[in-house]
Amino acid sequence: MIGKSIYKLINDLFFIPRSITGNGVRDTLKKIKEYYLPSLKIHELPSGLEIEDWTVPREWNIYGASIKNAKGIEILNFKDNNLHVVGYSTPINAVFSLDELKKHLYTLPDQPEAIPYVTSYYKENWGFCMSHNQYQSLKAEDYHVKIDSKLHEGSLTYADIVIKGEEKKEIFFSTYICHPAMANNELSGPGVATYLAKWISERPNNRYTYRFCFAPESIGSIAYISKHNTELANVHAAFNLTCVGDNKNYSFLPSRKGNTIADRVAKHCIKHQKDNYKEYDFLKDRGSDERQYCSPGVDLPMVSIMKSKYGEYPEYHTSLDDMNFISAIGLEDSYRVHTECIEILENNYSYISKIKGEPFLSKRGKNYMIVGGKENQESRSAQLILDIMSCCDGTMDIIDIANTLGVYAFDLIEIMKSLELELLIEKN
């Protein structure tokens, strides 16, 4: 079961402290490269480098953090949960009264057991995150606060892998790798991406070239666009992999244009899954790296097939988005729907009939027999063939034909290949 393998990968990466820069990102990518994708290329961009309208920030690393009460008893430690420290916190080693400390504490009163995820990437600050229950238990006394971190001129790290196919046109997958200690919002995307890349690397005779990018959210995708703009011009369809690990129904975020080949294949695939899905609006509901890849001047045909959409489930950006929130089954579902999208894209041709009128199917074997006036498996099969043939006028691809006939395009792939072998149809 591939879902169990993806779950194990995510669990192995879960406790690495990540941010938009730093050793946590490097360690995560190195593990993926060493154990799963040896062809993965890791890139570094120096702090201060201008990329489009942005600048690569200083690098941040954290080595430990704690809060101790007046008796020296430790009440919070970063090693217990990476979310305990505000991302990009500057170093601090001082004593504060409770009132002073509260100015740097973050909680979720509506979710009193959850630790929130808070960052301060572009404004120097420091802080701690804790459950609201713990916050309310704090006594009016002095607290020794220590954050052992370093903010310095370094670099931003990202990685990619390109798997060459017969065509220069590319299928592009992007996923972000910068959030600490969150399973669905963070690591489900890289987990599924890793195993998709492994599968495609082993898949023979790929029609398209495949590109996978693992980068910090927003700043990383902007950097990737800036540094790989020429290659991205070849993208035929693109998928943003995020929030793909839980057991809920599918969610779908279209591209900015809404009618690209990626939109068509994604909507078709999730429509034919067991569960209903919820479709969101790009302008109203975008919030991940599709904002960058679909922006004017870039305009990649990028969509997101998710389970629970980011920002739409209560565990989002909290400590409740842990390994218990995702499952091997949810991960396998997402992996499978993306492999089926790939298979359909790989075989998505328009066809034209080589027969004038209907073909005489009876001479081609019992699977094509038509039994007059009776409906049985053979007659239904024959009728499907005739229906397919009636659509093969050179203007409809497999997705069009499947949508017209109300069937799943994935199930038509082998039928189309057999009709082509029998010289009934040909690619247009």
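Residues numbered from 1 in each chain as written. Predicted model: local features only at pLDDT ≥ 70, side-chain atom pairs only at ≥ 80, totals over all residues. Heavy atoms only, no water.

Notes on the nonpolar core
So, step 1. Residues F173, Y210, F212, F214, F239, I305 and M416 are the most contacted members of the largest nonpolar core, which totals 91 residues.
So, step 2. Per-element tally for this core: the top contributor is helix α5 (residues 183–202), with 8 residues.
So, step 3. Every residue in contact with M416, bar those within four places of it in the chain, is listed here: Y351, I388, C392, I398, I401 and I425. (Core = buried A, V, L, I, M, F, W, Y, C linked by side-chain atoms within 4.5 Å. Buried < 20%, exposed > 50% of the residue type's maximum accessible area, 1.4 Å probe, protein only. Helix = DSSP H or I, 4+ residues; strand = E, 2+ residues; numbered from the N terminus. Contact = heavy atoms within 4.5 Å.)

Overview of the sheet that holds strand β13 (residues 235–240)
So, step 1. In space, the 8 strands of this open sheet follow the order β1-β10-β12-β11-β13-β16-β14-β15, with mixed pairing throughout. In this open sheet, the two edge strands, each paired with only one partner strand, are β1 (41–46) and β15 (277–279). Direction aside, neighbouring strands of the sheet carry axes that sit 20° apart on average.
So, step 2. Looking at chain direction, β1 and strand β10 (residues 155–163) are connected through 6 bridges and run antiparallel. Residue pairing for β10: E44 is matched across the bridge by T157. (Pairing = 2+ DSSP bridges. Axes fitted to C-alpha atoms, helices over the stretch in contact; angles between N-to-C directions.)

Some thoughts on the sheet that holds strand β9 (residues 142–152)
So, step 1. The strand order across the open sheet built from 4 strands is β5-β4-β9-β6, with neighbouring strands paired in antiparallel fashion. What marks the edges here is a single partner per strand, and that holds for β5 (74–77) and β6 (92–97). When strand polarity is set aside, the average angle formed by the axes of neighbouring strands in this sheet is 20°.
So, step 2. As paired elements, β6 and β9 share 6 bridges and run antiparallel to each other. Each bridged residue has a counterpart across the sheet, and for F96 the counterpart in β9 is Y143.

Description of the state of the cysteines
So, step 1. In total, this model carries 0 disulfides according to the counting rule given.
So, step 2. Free cysteine C178: the closest other cysteine sulfur is in C213, separated by 11 Å.
So, step 3. Take C243: it sits in no disulfide, and the sulfur closest to it among the cysteines is that of C178, at 12 Å.
So, step 4. The exposure class assigned to C243 is buried, which follows from its relative accessible area of 0%. (Disulfide = S-S within 2.5 Å.)

Comments concerning the pattern of salt bridges
So, step 1. Under the definition given, this model contains 19 salt bridges.
So, step 2. Among the salt bridges present, the one from R256 reaches D299, with a minimum N-O distance of 2.5 Å. Of this pair, R256 sits in the loop between β14 (250–253) and α8 (261–271) while D299 sits in the loop between α10 (290–293) and β16 (302–306), and the two are 43 residues apart along the sequence.
So, step 3. Note on R256: relative accessible area 35%, which makes it partly exposed.
So, step 4. The network of salt bridges with common partners includes K307, D333, R336 and E340. (Salt bridge = Lys/Arg side-chain N within 4 Å of Asp/Glu carboxyl O.)

Examining the pairing of β13
Successive side chains on a regular strand alternate, one facing one side of the sheet and the next facing the other.
So, step 1. Counting buried positions along β13 gives 5 out of 6 residues, so the element sits mostly inside the fold.
So, step 2. Summarising the sheet, strand β11 (residues 170–176) and β13 pair through 5 bridges and their orientation is parallel. Of the residues in β13, the one forming a bridge with F172 is A238.
So, step 3. Where β13 lies against β16, 2 bridges are found, and the strand directions are parallel. In the sheet register, A238 faces β16, and the bridge partner there is M302.

Regarding the packing of aromatic side chains
So, step 1. Counted according to the given criterion, the structure contains 17 aromatic pairs.
So, step 2. An aromatic cluster of three or more residues is present, and its members are W54, W60, Y88, Y121 and Y122.
So, step 3. Directly above the ring of Y349 sits R207, whose terminal nitrogen or CZ lies 4.0 Å from the centroid.
So, step 4. Sitting over the face of the ring of Y280, K309 holds its NZ or CZ atom 5.2 Å from the ring centroid. (Phe/Tyr/Trp six-rings, centres within 6.5 Å; stacked < 30°, edge-to-face > 60°. Lys NZ or Arg CZ within 6 Å of the ring centre and 35° of its normal.)

Examining helix α1 (residues 2–13)
So, step 1. Spanning 12 residues, α1 covers 17 Å between terminal C-alpha atoms, matching the ideal 16 Å at 1.5 Å per step.
So, step 2. The set of residues buried in α1 consists of G3, I6, L9, I10 and L13. One face of α1 carries all of its buried residues, which in axial projection span an arc of 120°.
So, step 3. Packing partners of the buried residues in α1 comprise α2 (23–35), α5 and α11 (328–346). (Expected span 1.5 Å × (residues − 1). Arc of directions from axis to C-beta.)

With respect to the side chain of S120
So, step 1. In this fold, S120 is placed in the loop between β7 (105–106) and β8 (128–129).
So, step 2. Take S120: its relative accessible area is 12%, and that puts it in the buried class.

What about the side chain of N69?
So, step 1. As for its position among the elements, N69 is in the loop between β4 (59–68) and β5.
So, step 2. A relative accessible area of 14% places N69 in the buried class.
So, step 3. A distance of 2.9 Å separates a polar side-chain atom of N69 from the backbone nitrogen of I73.
So, step 4. Aside from chain neighbours lying at most four places away, what touches N69 is I75, E141, D142 and Y143. (Polar contact = N/O pair within 3.5 Å; in protein donor to acceptor, adjacent residues only side chain to side chain.)

A short note on unusual backbone geometry
So, step 1. Its identity is not glycine, yet N205 carries a phi of approximately 55°, on the positive side.
So, step 2. Along the chain, the position of N205 falls in the loop between α5 and β12 (209–215).

Notes on the pairing of β4
So, step 1. Most of β4 is tucked away: 8 of the 10 residues are buried.
So, step 2. Bridge analysis of β4 against β9 gives 9 bridges, and the strand direction is antiparallel. Paired with E59 across the strands is H152, a residue of β9.
So, step 3. Pairing geometry for β4 and β5, over 3 bridges, is antiparallel. Across the sheet, I67 pairs through a bridge with L76, a residue of β5.
So, step 4. Counting the residues that bridge the hairpin from β4 to β5 gives 5 residues, and of these G72 lies at a positive phi of roughly 80°.

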